[in-house]
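# Structure assessment
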Amino acid sequence: MRAVERRWLLALAAVLAPLAACGPASSGATPASPTLTLTFTPKAFASTDVTLTTATMTLTDVHALGDTPPSSPPPSMTKPMHMDNVVALNALGGAVAITIDLPPGLYSRVDFDVTDVSLAGTLTATGEPFTATLAMFQGPHVDLRPSSPVEVQAAGVDASVPTIAIAVDPSTWFAPPSPLDGATPSADGGVTCDDQQNAPAADALTMRLKPSFSVQ
């Protein structure tokens, strides 16, 4: 190559280099996924039969459903049950929230399982201790439907995150006739409800868990 041509090519490269640098560049950042927030808010507890000091539970497989598939595949032989989208809820405490990634679309259902329920307190009439251990392995399945679908838009379309608000009312667990009405105190005093002691009362309390949840 002649010296003149070489100088010409070097000069052209010097001109094009800054232009290339001004072109579109990849930041390496991954666009945020569309999300939906579910809030779980306990209502104030009131009962004439029992004073509760503990009311904890675990909500497992929390999903929003609609015109798209669930946010994760169904359990399989290689995936442990109830390990997806877990919420630890204190029914005597404040609200808790979970934000889940979802494909864009309309969502008209929320479902989850209630497990590992632990209740403790005192009986109003006698002042004796009360404990209940419910749904340790497989609790009730809750399926809620908002009055209108909630839209999850594609990432970047709308900065706001849609929310579905869910309430739990622990007072309904002991509403008259109370499941504890026929419970038998143990030999050392107090009432214990589980699969071994006062099983009918434990079953009745477990049945009341599902309808205590509602969409607000």
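Residues numbered from 1 in each chain as written. Predicted model: local features only at pLDDT ≥ 70, side-chain atom pairs only at ≥ 80, totals over all residues. Heavy atoms only, no water.

## Some points on the overall build of the protein chain
Looking only at helices and strands, one finds two helices and eleven strands in the protein chain. Burial statistics for the protein chain: of 216 residues in total, 37% are counted as buried. Long-range contacts, defined as pairs at least 24 residues apart, comprise 81% of the intrachain contacts of the protein chain with a sequence gap of at least 6. (Helix = DSSP H or I, 4+ residues; strand = E, 2+ residues; numbered from the N terminus. Buried < 20%, exposed > 50% of the residue type's maximum accessible area, 1.4 Å probe, protein only. Contact = heavy atoms within 4.5 Å.)

## Side note on the pattern of salt bridges
Within this structure, the stated rule accounts for two salt bridges. A salt bridge links Arg145 to Asp143; the nearest nitrogen and oxygen atoms lie 3.8 Å apart. Judged by relative accessible area, Arg145 falls into the exposed class, the value being 56%. Exposure remark for Asp143: the relative accessible area of 28% places this residue in the partly exposed category. Each of Arg109, Asp143 and Arg145 takes part in a single network of salt bridges with overlapping partners. (Salt bridge = Lys/Arg side-chain N within 4 Å of Asp/Glu carboxyl O.)

## Some remarks on the nonpolar core
A general trend in soluble globular proteins is that nonpolar side chains are found buried together. Counting residues in hydrophobic clusters, the biggest one holds 45 residues, and the most contacted among them are Phe40, Leu59, Phe112, Leu119, Phe130, Trp173 and Phe213. Once residues lying within four places of it in the same chain are set aside, the contact partners of Phe112 are Phe40, Leu59, Thr60, Asp61, Val62, Pro140, His141, Val142, Leu144 and Phe213. (Core = buried A, V, L, I, M, F, W, Y, C linked by side-chain atoms within 4.5 Å.)

## A few points about the pairing of strand β6 (residues 129-134)
Side chains Phe130, Ala132 and Leu134 project from β6 onto a buried face, and the interleaved Pro129, Thr131 and Thr133 project onto a face without burial. Joining the antiparallel neighbours strand β5 (residues 105-123) and β6 is a turn of five residues, in which Gly127 adopts a positive phi near 75°. (Pairing = 2+ DSSP bridges.)

## Here we look at the sheet that holds strand β11 (residues 213-215)
If you walk across this open sheet you meet the four strands as β4-β1-β9-β11, and the pairing is mixed. This sheet does not close on itself; its edge strands, each paired only once, are β4 (96-101) and β11. Recorded for the sheet is a direction-independent mean angle of 25° between the axes of neighbouring strands. As paired elements, strand β1 (residues 35-42) and strand β9 (residues 163-168) share six bridges and run parallel to each other. Counterpart to Thr39 in the pairing with β9 is Ala165. (Axes fitted to C-alpha atoms, helices over the stretch in contact; angles between N-to-C directions.)

## So, the packing of aromatic side chains
Any two aromatic rings considered together are summarised by their centre-to-centre distance and by the angle between their planes. Enumeration over the complete set of coordinates arrives at four aromatic pairs. When the ring of Phe112 is compared with that of Phe213, the centres are 5.2 Å apart and the planes differ by 75°; the resulting orientation is edge-to-face. Taken together, the positions of Phe112 in strand β5 and Phe213 in strand β11 put the pair 101 residues apart, joining distant regions of the chain. One aromatic cluster is present, formed by Phe40, Phe112 and Phe213 through successive ring pairs. (Phe/Tyr/Trp six-rings, centres within 6.5 Å; stacked < 30°, edge-to-face > 60°.)

## Thoughts on the layout of surface pockets
The computed volume of the largest pocket comes to approximately 220 Å³. As for the largest pocket, its lining consists of Thr133, Leu134, Ala135, Met136, Phe137, Gln138, Asp194, Asp195, Ala199, Ala202, Asp203 and Thr206. Contributing elements (two or more residues each) for the lining of the largest pocket: β6 and α2 (199-207). The element that contributes the greatest number of residues to the lining of the largest pocket is α2, accounting for four residues. The class makeup of the residues in the lining of the largest pocket is six nonpolar, three polar and three charged. (1 Å grid on protein atoms, 1.4 Å probe; cavity = no way out; pocket = protein on both sides within 12 Å on 5 of 7 lines; lining within 4 Å. Points joined across faces, edges and corners; volume = space filled by probe spheres on them. Nonpolar A, V, L, I, M, F, W, Y, C, P; charged D, E, K, R; others polar.)

## Observations regarding the environment of Thr35
Counting through the fold element by element, Thr35 comes out in strand β1. Remark: the alpha-carbon pair of Thr35 and Leu102, spanning 67 residues in sequence, is separated by 5.5 Å. Discounting chain neighbours no more than four positions away, the residues touching Thr35 are Thr99, Ile100, Asp101, Val152, Val161 and Pro162.

## Let's talk about unusual backbone geometry
Look at the link from Pro176 to Pro177: it is a cis peptide, with omega at -10°. Within the fold, Pro177 resides in the loop between β9 and β10 (191-193). Its identity is not glycine, yet Asp61 carries a phi of approximately 50°, on the positive side. As for its placement among the helices and strands, Asp61 is situated in strand β2 (residues 50-66). Of note, Asp116 is a non-glycine position whose phi angle comes to about 50°, a positive value.

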